[in-house]
Amino acid sequence: MPSLPETNPEEAALLRKARWGDHEAFARLYQAHARAIHALAYRLTGNAAAAEDITQDTFLKMLGFLSGLRTDAPLRPWLKRVAANAAIDRLRRERRFVAEADGDAWPDDGASPAENLELLGVLRRLPPLARTVVWLHEMEGWSHPELAERFGHSPSWSKSIVSRALARLRDDLETGVKDD
Amino acid sequence: MIEASTHVRQELHGLPEVPLPAALWRRVEAGRRQKMRRRKLLAGITSLALVAVMATPVFVQLLADGGPGRSEPLVAHQASNAKRDVRADLHALDLALQAAYDRGASDAEVAPMWVAREALLAGIRPPRAARRRDRI
């Protein structure tokens, strides 16, 4: 799990100011967190336009976050949770769940060997659901019970998705190394 | 098997950064300005509605009593109780808002709560004239 950002003592004050319309405070919070939130949204959706939409929505929701009640909590994990939830909701709206729970929906290896060398390309070639679940588990530290609850499945479903996605990534990477 | 998975994890951690589009800031800032304008408008409308709602029982009471002339201690007691009630409502509303944001509630869902919060806050702020009188 990646290390959490340090609690910034100024953050709560900035957030309060931003909530009441302070442009400068909002800009500083954006500068501090936008790159991480956009990157997460992009990794989860694999789509540049969706990543921008999610980043915008996340920062606008932040204006309503009552940091004054929880000044000890850093903002970054909350922002990431909002962005991840938005990505999952988008995935659900696109109705890809049913197809991707089915093993047949995992795409065949049709990419060129050169593409296989790039993990980025390999990751992008995972089905959207698998990519989202594996990223949340491996990079954002979501547990299987958390994933199961959020996606409306059992923890064993989450374990299965992660295991298959990792196996697929591993195979693709190995294929890329062999072809090199 | 475990080593191979560890390798994949290391590779995932080593992925290059995703560049943040420069134009995104302008878009987010425009959204923020729009949201703030909407919030102010809603707060204004609600404040007016609240004033109307709060004024109605006072007028009804005045009419029932045949005009002003209630004893001051009773009025002070009622004001103090009302303030306590408002603070309790405000606290409950803050908790509800926090819970709504935590579960990723939509803007449409939280907007009425914000409006109610603004209205409650407007109700407990002492009027400027009263503050000036207190100082004298």
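For clarity, every value in this text was computed on a predicted model and none was experimentally measured. (Residues numbered from 1 in each chain as written. Chains lettered and ligands numbered in written order. Predicted model: local features only at pLDDT ≥ 70, side-chain atom pairs only at ≥ 80, totals over all residues.)

Novice: Could you clarify how one ought to interpret the interface of chain A and chain B in this entry?
Specialist: Interface size, as often reported, equals the accessible area lost upon joining of the parts. The interface is formed by 29 residues belonging to chain A together with 26 residues belonging to chain B. Every element with two or more residues in the side of chain A that touches chain B is listed here: helix H2 (23-45), helix H3 (48-62), helix H4 (75-93), helix H7 (119-124) and helix H10 (155-179) of chain A. Among the elements that take part in the side of chain A that touches chain B, H2 of chain A stands out by supplying seven residues, more than any other. Here the side of chain A that touches chain B is built from residues that sort into 18 nonpolar, six polar and five charged. (Contact = placed C-beta atoms within 7 Å. Helix = DSSP H or I, 4+ residues; strand = E, 2+ residues; numbered from the N terminus. Nonpolar A, V, L, I, M, F, W, Y, C, P; charged D, E, K, R; others polar.)

Novice: Sorry if this is basic, but what is going on with the environment of methionine 139 of chain A here?
Specialist: Residue and element names in this part refer to chain A. Its location among the elements puts methionine 139 in the loop between helix H8 (128-138) and helix H9 (144-151). A residue is classified by how many C-beta atoms lie within 10 Å of it, and methionine 139, with 17 of them, is partly exposed. Residues methionine 139 and leucine 40, spaced 99 residues apart in sequence, show a C-alpha to C-alpha distance of 9.4 Å. (Buried ≥ 20, exposed ≤ 12 C-beta atoms within 10 Å, placed from the backbone.)

Novice: Looking at this structure, I do not really get H2 of chain A. What am I missing?
Specialist: Residues lying three or four places apart along an α-helix face the same way, a consequence of the helix completing one turn every 3.6 residues. Along H2 of chain A, the sharpest kink reaches roughly 50 degrees, centred on histidine 33 of chain A. At the exit of H2 of chain A stands glycine 46 of chain A, carrying a positive phi of roughly 65 degrees. (Bend = angle between axes of the 7 residues up to and from the residue.)

Novice: Help me understand the packing of H4 of chain A against H8 of chain A in this model?
Specialist: Working note: a packed helix pair is described by the angle between its axes plus the distance between those axes. All names here are of chain A. Packing of H4 against H8 brings their axes to within 11 Å, and their N-to-C directions diverge by 160 degrees. Here H4 is positioned roughly antiparallel relative to H8, judged by the angle of their axes. In terms of crossing hand, the pair formed by H4 and H8 is left-handed. Together, Ala84, Ala87, Ile88 and Leu91 of H4 and Pro128, Leu129, Thr132 and Leu136 of H8 make up the contact between the two elements. Its residues assigned to classes, the contact of H4 with H8 comprises seven nonpolar, one polar and no charged. (Axes fitted to C-alpha atoms, helices over the stretch in contact; angles between N-to-C directions. Parallel < 35°, antiparallel > 145°, perpendicular 65-115°, else oblique. Left-handed = near helix turned anticlockwise from the far one by under 90°.)

Novice: Whenever I open this one, the packing of H2 of chain A against H4 of chain A confuses me. Can you help?
Specialist: Residues and elements named next belong to chain A. Their axes nearest at 10 Å, the elements H2 and H4 cross at an angle of 25 degrees. Relative to H4, H2 is oriented roughly parallel. Relative to H4, the crossing made by H2 is right-handed. Where H2 abuts H4, its residues His33, Ala36, Ile37, Leu40, Ala41, Leu44 and Thr45 lie against Leu75, Arg76, Leu79, Lys80, Ala83, Ala84, Ala87 and Arg90. Residues belonging to the contact of H2 with H4 are distributed by class as follows: 10 nonpolar, two polar and three charged.

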